[in-house]
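# Structure assessment
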Amino acid sequence: MVREPVHSTFEYLIGGSPCGGTTFMSILLTKLGFPCSHEAVYAADGKLWMNPQGGFWSNGLHPVKQSDSIKADSSYTVGEWMDLEEVKHIPVIALVRHPIKTLNSLIAYEFSQLQVIDVNWVVKTMLGRWNKLIESPRLAMVCRVEKDIPALCEMLGVKYQNLDGVFRNPHNHGKIQLTLDDFRICDEYDNLVAFLKKHYE
């Protein structure tokens, strides 16, 4: 399969954490008239390429088409390639979901795949991805999934609608319901508390 270079029409890069709402955001924005792919980009050998395995949701859940003028890509991997030459001029949106909800989903997903969980690694990776985006000089906005979508739409110039039923990845289904206290044993506990205080209190 021929892998085309990343499209030059991106206006924003939307980055976050695994299980942090990047699928939801790409579908929502596309439905609102701001075409946004999901994990449509990957990096290899210092260059960016369109990912033929992702981004356009051939199963029909994602409304974006390859023929659309894609205005953004929403992916948990943005922090890994946002400084490459092709995209280093593009503003960054840090997409944040409540850390405890994200961790519950992440741990459920990791356990379903690996059957073994390194909770310290999960917490550190989540916070690391968010903080890299938030600390970027190209940061356009920190968007909390629970509160800031109307403000994001205003910034993007699209009319906000509450679209009930937008697809969300079913990683957890309530199977894991840890609380903040459950993470006291983690090396990153103080950093987790600091992030919560800064963005959710």
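As the structure is a prediction and not an experimental result, all values here were calculated from the model. (Residues numbered from 1 in each chain as written. Predicted model: local features only at pLDDT ≥ 70, side-chain atom pairs only at ≥ 80, totals over all residues. Heavy atoms only, no water.)

One non-glycine residue, Cys19, lies in positive phi territory at about 65°. Along the chain, the position of Cys19 falls in the loop between strand E1 (12-15) and helix H1 (22-31). Although it is not a glycine, Glu39 sits at a positive phi angle of roughly 55°. In this structure, Glu39 sits in the loop between strand E2 (36-38) and strand E3 (41-44). (Helix = DSSP H or I, 4+ residues; strand = E, 2+ residues; numbered from the N terminus.)

What follows deals with the pattern of salt bridges. Tallied over the full model, the rule gives five salt bridges. Two residues, Arg129 and Glu80, come together in a salt bridge whose shortest N-O distance is 2.9 Å. Placement of Arg129 in helix H4 (residues 119-134) and of Glu80 in helix H2 (residues 78-81) is noted, with a sequence separation of 49 residues between them. What makes Glu80 exposed here is its relative accessible area of 53%. (Salt bridge = Lys/Arg side-chain N within 4 Å of Asp/Glu carboxyl O. Buried < 20%, exposed > 50% of the residue type's maximum accessible area, 1.4 Å probe, protein only.)

The subject of this paragraph is the environment of Tyr109. The topology assignment puts Tyr109 in helix H3 (residues 99-114). Classification of Tyr109 as partly exposed rests on a relative accessible area of 31%. For Tyr109 and Pro18, which are 91 residues apart along the polypeptide, the C-alpha to C-alpha distance reads 9.6 Å.

Our next topic: the packing of aromatic side chains. According to the stated counting rule, one finds one aromatic pair in the structure shown. Between Trp130 and Phe195 the ring centres are 5.2 Å apart and the planes differ by 20°, which places this aromatic pair in the stacked class. With Trp130 in helix H4 and Phe195 in helix H6 (residues 189-200), this residue pair connects regions lying 65 residues apart in the sequence. Each member of the pair, Trp130 together with Phe195, is buried. (Phe/Tyr/Trp six-rings, centres within 6.5 Å; stacked < 30°, edge-to-face > 60°.)

Running from amino to carboxyl end, H1 crosses helix H5 (residues 149-156) at an angle of 50°, the nearest separation of the two axes being 12 Å. What the angle tells us is that H1 and H5 run oblique. Between H1 and H5 lies a crossing whose hand is right-handed. Between H1 and H5, the contacting residues are Phe24, Met25, Leu28 and Leu29 on the first element and Ile149, Leu152 and Leu156 on the second. When the residues that make up the contact of H1 with H5 are grouped by side-chain class, the tally is seven nonpolar, no polar and no charged. (Axes fitted to C-alpha atoms, helices over the stretch in contact; angles between N-to-C directions. Parallel < 35°, antiparallel > 145°, perpendicular 65-115°, else oblique. Left-handed = near helix turned anticlockwise from the far one by under 90°. Contact = heavy atoms within 4.5 Å. Nonpolar A, V, L, I, M, F, W, Y, C, P; charged D, E, K, R; others polar.)

What follows deals with the packing of H4 against H6. Between H4 and H6, the least distance of the axes is 11 Å, while the angle of their chain directions is 45°. As judged from the angle between their axes, H4 and H6 are oblique. When the axes of H4 and H6 are compared, the crossing they make is left-handed. From H4, Met126, Leu127, Trp130, Asn131 and Ile134 reach across to H6, where they touch Asn191, Leu192, Phe195 and His199. Of the residues belonging to the contact of H4 with H6, the class tally is six nonpolar, three polar and no charged.

With that settled, consider H6. Under the 1.5 Å per step criterion, the end-to-end length of H6 is 16 Å for 12 residues, consistent within 8% with the ideal 16 Å. Those residues of H6 that sit buried are Tyr189, Leu192, Val193, Phe195, Leu196, His199 and Tyr200. All buried residues of H6 project into a common sector of 160° when viewed along the axis, lining one side. Away from its buried face, by an angle of more than 90 degrees, H6 presents the exposed residues Asp190, Lys197 and Lys198. (Expected span 1.5 Å × (residues − 1). Arc of directions from axis to C-beta.)

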